[in-house]
Amino acid sequence: PRPTEVFVRPTAPAFTPRPILTPVRTPLPTNFATTISVPDRPTRTNMPTDYFFVRPTGSQISTPPGRDPTMRPVLAGPGNCDNPSITRDECKASIYCEWVLISGQKNYCQFGPPVPPTLRPSFPPTDKPTFGPTFEPTPRPSFEPTLKPAPWPTVSPITLVPSPSPTLTSTERPTLSPTFITPDPTTSPTIKPTFNPTESPSYKPSSSPSNKPSSSPTQTPSAKPSTQPSSSPTTSSEPSQTPSLSPTLSSKPTLSTSPTYSPTKTHFPTLPEYEYKRPQRVDIRWTPWDNLDRDIQIEVSEALGYNRNNWNNLKTNDVEKLRWSDLSERKRTAATLLGFDKWSWNCWINNFESFSWRQLYEWELTPYLESLGWNSQRWNGQNGPPILKQNSWDDLTSEQQESAMQLCFYKTSYDELNIVEYGLGYPISRPAARFVPWANLDSEMRATMEQTLGYNELSWNIPGLNPMELKGWFQMNDSEKRGAEAINCTDSCWDCWQAQYNTYGWQDLVNRGHDEAYAALGWTESSWCGESGAPATNKRSWNELTEQEQLNATELCLDQFNWDQNSLEVNTEPFPFIQPPLRYKQWSSLTFGQQQIAMTALLYKEETWDNVGTADIEMRSFDDLTDFQKTYAVELGFYEKTWDCFQNHYRAEPWRDLSPDVRVASEILGWNQSSWGITKPTPNSYDKSWDTLSTEEQAAATNLCHFDNIWPGGASDQLVGSFLQEGVKSQAAQMLPKAAIVASIHVLMHIFI
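Along each chain, the written sequence defines residue order, and numbers are assigned to residues from 1. Note on the predicted model: pLDDT of at least 70 is required for a residue's local features to be given, and 80 or more for side-chain atom pairs to be given and counted; whole-chain, interface and lining totals, by contrast, use all residues. Values reported for side chains reflect all heavy atoms of the structure, with hydrogen atoms and water molecules removed beforehand.

Asks: Tell me about the overall build of the protein, and please be specific about residues and values.
Replies: Within the protein one finds 28 helices and six strands. Three exposure classes are used, based on accessible area relative to the maximum for each residue type with a 1.4 Å probe and protein chains only: buried under 20%, partly exposed in between, and exposed over 50%. Looking at the 753 residues of the protein, the share that counts as buried comes to 39%. Taking the intrachain contacts of the protein between residues at least 6 apart in sequence as the baseline, contacts between residues at least 24 apart amount to 59%. Accessible surface computed for the protein: about 45,400 Å², of which carbon and sulfur atoms make up 52%. Secondary structure follows DSSP: runs of H or I at least 4 residues long count as helices, runs of E at least 2 residues long count as strands, and numbering of each begins at the N terminus. Residue contacts are defined here by distance: any two heavy atoms, one from each residue, within 4.5 Å place the two residues in contact. Per-residue and other accessible areas follow the Shrake-Rupley method at a 1.4 Å probe size, with only the shown protein chains counted as cover for residues.

Asks: Can you tell me about the pattern of salt bridges, naming the residues and giving the values?
Replies: Once their charged atoms are close, side chains differing in charge can pair, the charge on each being opposite to the other. Salt bridge criterion: a side-chain nitrogen from Lys or Arg within 4 Å of a carboxyl oxygen from Asp or Glu. All told, the structure shown has 18 salt bridges when counted by the stated rule. For D318, the salt bridge is made with K321, and the minimal N-O distance between the two is 3.7 Å. D318 gets classed as exposed once you look at its relative accessible area, which sits at 54%. Residue K321 is classed as exposed on the basis of its relative accessible area of 57%. Note that R430 is salt-bridged to D559, the shortest N-O span being 3.6 Å. Taken together, the residues span a long stretch of sequence, with R430 in the loop between α11 (419-422) and α12 (443-453) and D559 in the loop between α19 (547-554) and α20 (560-563) at a distance of 129 residues.

Asks: Account for the packing of helix α25 (residues 660-668) against helix α26 (residues 695-703), naming residues and giving values.
Replies: Axis lines are fitted through C-alpha atoms, for helices just across the contact stretch, and the angle between N-to-C directions can take any value from 0 to 180 degrees. Viewed as axis vectors pointing N to C, α25 and α26 meet at an angle of 135°, and their least axial separation amounts to 8 Å. Regarding the angle of α25 to α26, the classification is oblique. The handedness of the crossing between α25 and α26 is left-handed. Contacts between α25 and α26 involve D661, V662, A665 and I668 on the former and, on the latter, E696, E697, A700 and N703. In this count, Pro and Cys sit with the nonpolar residues alongside Ala, Val, Leu, Ile, Met, Phe, Trp and Tyr, while Asp, Glu, Lys and Arg are called charged and the others, Gly among them, polar. The residue makeup of the contact of α25 with α26, split by class, is four nonpolar, one polar and three charged. Angular relationships are summarised with four words: roughly parallel below 35 degrees, roughly antiparallel beyond 145, roughly perpendicular across 65 to 115, and oblique for the angles in between. Throughout, a crossing is termed right-handed when the near helix is turned clockwise from the far one, and left-handed when it is turned anticlockwise from it by less than a right angle.

Asks: Could you give me a rundown of the packing of aromatic side chains, with the residues and numbers involved?
Replies: The pairing test for Phe, Tyr and Trp rings, Trp by its six-membered ring, is centres within 6.5 Å, and the orientation test on the planes gives stacked under 30 degrees, edge-to-face over 60, and tilted for anything in between. This structure, assessed with the given rule, holds 38 aromatic pairs. Between F340 and W345, the ring centres sit 5.6 Å apart and the planes meet at 85°, which makes this aromatic pair edge-to-face. The exposure classification of F340 matches that of W345, with both residues buried. Seen from their ring centres, W690 and W711 are 5.7 Å apart, and the 75° between their planes marks the pair as edge-to-face. Of this pair, W690 sits in the loop between α25 and α26 while W711 sits in the loop between α26 and α27 (731-735); the two residues are 21 residues apart in sequence, bridging distant segments of the chain. As far as the burial class goes, W690 and W711 line up, both buried. Grouped by ring-pair contacts, the aromatic residues W655, W671, W676, Y686, W690 and W711 constitute a single cluster.

Asks: Now, about the side chain of S403: what can you tell me, with residues and values included?
Replies: If you trace the backbone, S403 turns up in helix α9 (residues 398-406). Apart from residues no more than four positions distant in its own chain, S403 is found in contact with Y368 and S371.

Asks: Please give an account of the packing of helix α2 (residues 294-304) against helix α4 (residues 329-337) that cites residues and values.
Replies: Packing of α2 against α4 leaves a shortest axis separation of 9 Å and a crossing angle of 150°. Relative to α4, α2 is oriented roughly antiparallel. You can see that α2 and α4 cross each other, and the crossing is left-handed. In this structure, α2 uses I296, E299, E302, A303 and L304 to contact α4, whose residues at the interface are R330, K331, A334, A335 and L337. Residues belonging to the contact of α2 with α4 are distributed by class as follows: six nonpolar, no polar and four charged.

Asks: Tell me about the state of the cysteines, residues and numbers included.
Replies: Pairs of cysteine sulfur atoms within 2.5 Å are identified as disulfides in what follows. Counted according to the given criterion, the structure contains five disulfides. Between the sulfur of C347 and that of C408 lies a disulfide, 1.7 Å long from S to S. Here C347 and C408 share a disulfide; its torsion about the S-S bond, 95°, makes the bridge right-handed. Linking C347 in helix α5 (residues 342-349) with C408 in the loop between α9 and α10 (411-414), this pair joins segments that are 61 residues apart in sequence. Like C408, C347 is buried.

Asks: Before we move on, could you go through the environment of D491 and cite the residues and values that matter?
Replies: Along the polypeptide, D491 turns up in helix α15 (residues 491-498). Assessed through its relative accessible area of 40%, D491 is described here as partly exposed. Spatially, the C-alpha atom of D491 lies 10.0 Å from that of M476, the residues being 15 residues apart in sequence.

Asks: Can you break down the environment of Y584 residue by residue, with the values?
Replies: Relative to the assigned elements, Y584 resides in the loop between α20 and α21 (592-600). Residue class for Y584 comes out buried when judged on its relative accessible area of 1%. Between the alpha carbons of Y584 and N611 there is a distance of 9.8 Å; along the sequence they are 27 residues apart.

Asks: If you had to explain α25 to someone new, which residues and values would you point to?
Replies: Two residues of an α-helix separated by three or four positions point the same way, owing to the 3.6 residues in each turn. Those residues of α25 not exposed but buried are V662, V664, A665, S666 and I668. Immediately beyond the C-terminal end of α25, within one or two residues, lies G670, with a positive phi of roughly 105°.

Asks: Hey, could you go over the nonpolar core for me, with residue numbers and the actual values?
Replies: L304, F340, W345, F352, L360, W460 and W494 are the most contacted members of the largest nonpolar core, which has 82 residues in total. Excluding residues that lie within four positions of it along the chain, W494 makes contacts with L453, M468, K471, G472, W473, M476, A484, C489 and A499. We call a set of buried Ala, Val, Leu, Ile, Met, Phe, Trp, Tyr and Cys residues a nonpolar core when their side-chain atoms join them within 4.5 Å. In this structure, W655, V664, L669 and C705 belong to the second largest nonpolar core, which totals 28 residues.

Rendered as structure tokens:
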């Protein structure tokens, strides 16, 4: 049997106690029957919605003789904390209130979090009725504000009033904004430059230039080149004796009055203006061999000579030494099937290594090669490769890495690494044993993972669900470390691949050099410490990140799999995610423990469980659940993606937060930005039966995790009992293969765009 989570506060003269739900667990006696009931309707209360009060059917529990009570007496109830007449002693003595001290202002009492119990409850609730009614929880937030505001603010300000005059000494840290801002720039520059240049340019330029140039040129060029030369060109009656370092570019040929003593020597002629733009990355080349479709494997094997070894290890197949023009018609067809064209193949596969220096000069690629130590003689094999060619990616400077990226190099291709272990360039090789599906693990490994690290099938296949992955290596005990060693992931590997350095403080990230990658993803010290909200990238999918953001995420051992919380289990269903089977069992088929979780934590009853879409909890998004509810939702087989898709079909999410494919599917069914919402009426398509929906509407509905058995317009009121248990797929699963649905959605997305 599941442990109970109910304890009762002792009686007090001024307030009637009531039981509340907390994570304190006490084993149930063997003869314990269900004594917790869920309110039939929501009632208004001035209590926070994060605290769930449960009304027992039994009477109050008295303290057994000879033992201390489980809580100190209640002298003030939660509704009396904001009473101006309450004294300090009464406030401090109450478990619901806290006394707020503010320098220079009147101290006051406010509602505070309840004090945890000192002892577990003595006995389970009795079957006798209580003497009076208890407060009932609201299953969802109220739509109206409270009747009157609190007399004082709930959070005290940092400072009371500004100081009358500025301080004489500077603060420990610079302020975020200047003390005062002038509306216009100053009329003249400062007399002397500052000791150190600022990291970013000033908000407005000065009205006149400085008298002298800076002592050293800037590290980066200006945003746009000037359209006019710095000074007028000089003229001479006779030509120069030696050629210039590089040919000049002019729209008209120049004429001289007399010939030069000797012909000038240049490597290449003057070229017209040209701007190089790197082709878009073809992601399929960075996909491990085992993750490719079987048809793709056969095609690239027969036409391009790939196999598992030379596909996973870059630069080991001879076909990658050929440029596009050297490929046969058969090879070009196979390369086109992968998504390549002339420029993307020459860049991402060949890295322009089969072209001459002259051709690269015409395409303006030689500056990138020169920053990596190449010149025409070295490139043509006369003086040997540069020293930088012998260095690894990590030895290059940031400017050199940027030049290599313009030539379509990443760490994996530059160092010729295995894409299974290093992806786009992981700092630590990927622990392969951790990413084997649960069904493919042997029984011994499963037992080890369950006993040492607390994994089960769901938390193993979906990254980020196991609380153990929130621990750093230094926080783990010996047994947990032995479990990590079983999958060949210890200390630095665990902190990167399992925890993504989440247990580090910001200063620890700075000391270890991980702050730059997180800062590039939008994190700051305040957001990392929870003082401000998470950055916008935290809600984006992997494909919505820019290339640079993906590379920074790679530095933190994040890839598309763990960023998007994809499943290790192969999804053969027509839905975007694997259907949570436990939700579609009838109430009578659930175990006693599962019923207790559904009833106490998620406020289900048998009626609302068996009638999908009628429970109040299903109108909330996963983010709106409390941490307590999220924990038990995972125990019932849900996580964020499956909850938001199968429980409320994304309708609890704001329209602006929907992914592009979900938004397109919603528009096909008749939704738009103004009509979207969990409390809004559904479009006319929801009144149709499943059979009368068009193919596009069925595909869109399936993409929102609807299917025929629960479709509002064609489903029976009672849940179809065991269609999953008996292995019978819904009509949607039989008619709409996953590939067809994805293809339909992508075609419709292009049409809408």
